[in-house]
Amino acid sequence: MPSPPPPPSRSRRLFLRAAFAVGVIGGTATALLPVLRADPRTAGAPPVEAAGPPAEPAEPIELFDEMYGGRHIQGTDAGVCIDGRPLHVMRRADGGYLSVVNHYESFPTALATARAAVDDLGGAQLSLAGPASH
């Protein structure tokens, strides 16, 4: 029966640790080299724009405050509340909206999304805890 291999020597372990550390430091330095070489005077310089009136937003902000289905809906494109409780509304890439109450269907506006949420909630209230993370 062959004898088991001898345990690794202490100097070998130290050499392997040092080689690993040098590799990590070298890899980090290589990855950060473009950042370190960048000129800080031009890195965050804003683009030069022509003088004139400020540009109008691409789309007007939708403001709403109404009663729907016995519920008080208020908000904007950026945030919606139903009876004072926040409804998490997300903008889709196609320009539509969806909410955590009905996230399988897209709606054209935040108001339409809030109305659909009221329809789906029935008599239930929105949670104050917010959406659970996955």
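Here, the structure is the one placed above.
Keep in mind it's a predicted model, so treat the numbers as computed, not measured. (Residues numbered from 1 in each chain as written. Predicted model: local features only at pLDDT ≥ 70, side-chain atom pairs only at ≥ 80, totals over all residues. Heavy atoms only, no water.)

Across its full length, the protein chain holds 3 helices and 6 strands. Shown N-terminal to C-terminal, the secondary structure of the protein chain runs as helices and strands in the order α-α-β-β-β-β-β-β-α. Put simply, the protein chain has 134 residues, and 17% of those count as buried. For the protein chain, long-range pairs separated by at least 24 residues make up 39% of all intrachain contacts whose partners lie at least 6 apart in sequence. As presented, the protein chain carries roughly 10,500 Å² of accessible surface, and 63% of it is formed by carbon and sulfur atoms. (Helix = DSSP H or I, 4+ residues; strand = E, 2+ residues; numbered from the N terminus. Buried < 20%, exposed > 50% of the residue type's maximum accessible area, 1.4 Å probe, protein only. Contact = heavy atoms within 4.5 Å. Areas by Shrake-Rupley, 256 points an atom, 1.4 Å probe, with all protein chains shown as cover.)

Before going further, it helps to examine a nonpolar patch on the surface. On the surface, Leu32, Val35 and Leu36 cluster together into a nonpolar patch covering about 310 Å² of accessible area. Tracing the chain through its elements places Val35 in helix H1 (residues 10-37). (Patch = residues over 30% accessible without salt bridge, like charges linked within 9 Å, V, L, I, M, F, W, Y side chains within 5 Å. Salt bridge = Lys/Arg side-chain N within 4 Å of Asp/Glu carboxyl O.)

What follows concerns the nonpolar core. Core analysis: the biggest nonpolar cluster contains 14 residues, and Phe64, Ile73, Val80, Ile82 and Leu87 have the highest contact counts within it. Mapped onto this core, the elements with two or more residues apiece are strand S3 (80-82) and helix H3 (110-121). The greatest single-element share of this core, amounting to 6 residues, is contributed by H3. With residues up to four places along the chain from it excluded, the contact list for Leu87 reads Val80, Cys81, Ile82, Ser99, Val100, Val101, Ala114, Ala117 and Leu126. (Core = buried A, V, L, I, M, F, W, Y, C linked by side-chain atoms within 4.5 Å.)

Among the structural elements, Thr113 can be located in helix H3. On the basis of relative accessible area, Thr113 is assigned to the buried category, the value being 0%. Apart from the residues within four sequence positions on either side, Thr113 is in contact with Val89, Tyr97, Leu98, Ser99 and Phe107.

On to H3. Compared with the 16 Å implied by 1.5 Å per residue over 12 residues, the 16 Å span of H3 between its first and last C-alpha is a close match. Every buried residue of H3 is listed here: Ala110, Leu111, Thr113, Ala114, Ala116, Ala117, Val118 and Leu121. With its phi angle positive at about 65 degrees, Gly122 sits one or two positions after the end of H3. (Expected span 1.5 Å × (residues − 1).)

Spatially, 4 strands are ordered S1-S2-S3-S4 in an open sheet, and the strand pairing comes out antiparallel. Edge positions in the sheet fall to strand S1 (64-68) and strand S4 (85-87), since each has one partner strand and no second. Put simply, the sheet's adjacent strands are angled 25 degrees from each other on average, direction ignored. Relative to S3, strand S2 (residues 71-75) is paired through 3 bridges, and the arrangement is antiparallel. Residue pairing in the sheet places Gln74 in a bridge with Cys81 of S3. H3 rests against S1, S2, S3 and S4 of the sheet, and its axis sits at about 25 degrees to S1. (Pairing = 2+ DSSP bridges. Axes fitted to C-alpha atoms, helices over the stretch in contact; angles between N-to-C directions.)

All right, on to unusual backbone geometry then. A positive phi is found at Asp83, a non-glycine position, where the angle reads about 55 degrees. When its relative accessible area of 29% is taken as the criterion, Asp83 is described as partly exposed.

With that settled, the discussion passes to the pairing of S2. Taking every second residue as pointing to the same face, the buried face of S2 carries Arg71, Ile73 and Gly75, while none of His72 and Gln74 on the other face is buried. Pairing of S1 with S2 involves 5 bridges; the strand directions are antiparallel. Its bridge partner lying in S2, Phe64 is registered against Gly75. Here S1 hands over to S2 after 2 residues, with Gly69 in that stretch at a positive phi of 60 degrees.

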